[in-house]
Amino acid sequence: MTYRQKPSIFQVGKVHDNGPSVIVSGWGLGMCASSCRCHRNPADGQLSLAEDQAGGSLGLRSFTATGSCDCCEAWTSAELSAILRDVAAVEALDAAEPAAG
């Protein structure tokens, strides 16, 4: 199995599976690497999301001449759903533990 870099996540959102399409909303994505320049808009330096509802993925728009990049890959809806499951499991653990002291 080969690991490819993914954009960082700074805000957890939701995943809505509507059958033929998957909608991801509320997610905040940051840079995949500190030295990456292909995801910054040349005009204003901002990042833009690239959402594929048919394929169920969320990533960063590439501003390269080809429109694609080789520095990272988008998050799939299955991966985002797994993150939500893990966050819920951690929150359940925190709620079950009494406060120390």
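Described in the following lines is the structure provided in the data block. Quick caveat, the model's predicted, so the values are computed rather than measured.

**Some thoughts on the sheet that holds strand β7 (residues 75-76)**
- One open sheet holds the 3 strands; their spatial order is β5-β6-β7, and the pairing between them is antiparallel. For this open sheet the edge positions go to β5 (49-52) and β7, each flanked by a neighbour on one side alone.

**Thoughts on the pairing of strand β2 (residues 14-17)**
- One ladder, built from 4 bridges, connects β2 with strand β3 (residues 22-25); its direction is antiparallel. Pairing of V15 across the sheet is with V24, part of β3.
- Where β2 folds back onto β3 in an antiparallel hairpin, the turn is made up of 4 residues, including G19, whose phi is positive at roughly 80 degrees.

**Quick look at the packing of aromatic side chains**
- Counted under the stated rule, the structure contains 0 aromatic pairs.
- Sitting over the face of the ring of W75, K6 holds its NZ or CZ atom 5.5 Å from the ring centroid.

**Focus on the side chain of H39**
- Mapped onto the fold, H39 is located in the loop between β4 (28-29) and β5.
- With a relative accessible area of 1%, H39 lands in the buried category.
- At 3.1 Å, the side chain of H39 forms a polar contact with the backbone oxygen of R61.
- Excluding anything up to four places from it in sequence, H39 contacts M31, C32, Q46, L47, S48, L60, R61, S62, F63, C69, C71 and C72.

Quick notes on the rules
- Residues numbered from 1 in each chain as written.
- Predicted model: local features only at pLDDT ≥ 70, side-chain atom pairs only at ≥ 80, totals over all residues.
- Heavy atoms only, no water.
- Pairing = 2+ DSSP bridges.
- Helix = DSSP H or I, 4+ residues; strand = E, 2+ residues; numbered from the N terminus.
- Phe/Tyr/Trp six-rings, centres within 6.5 Å; stacked < 30°, edge-to-face > 60°.
- Lys NZ or Arg CZ within 6 Å of the ring centre and 35° of its normal.
- Buried < 20%, exposed > 50% of the residue type's maximum accessible area, 1.4 Å probe, protein only.
- Polar contact = N/O pair within 3.5 Å; in protein donor to acceptor, adjacent residues only side chain to side chain.
- Contact = heavy atoms within 4.5 Å.

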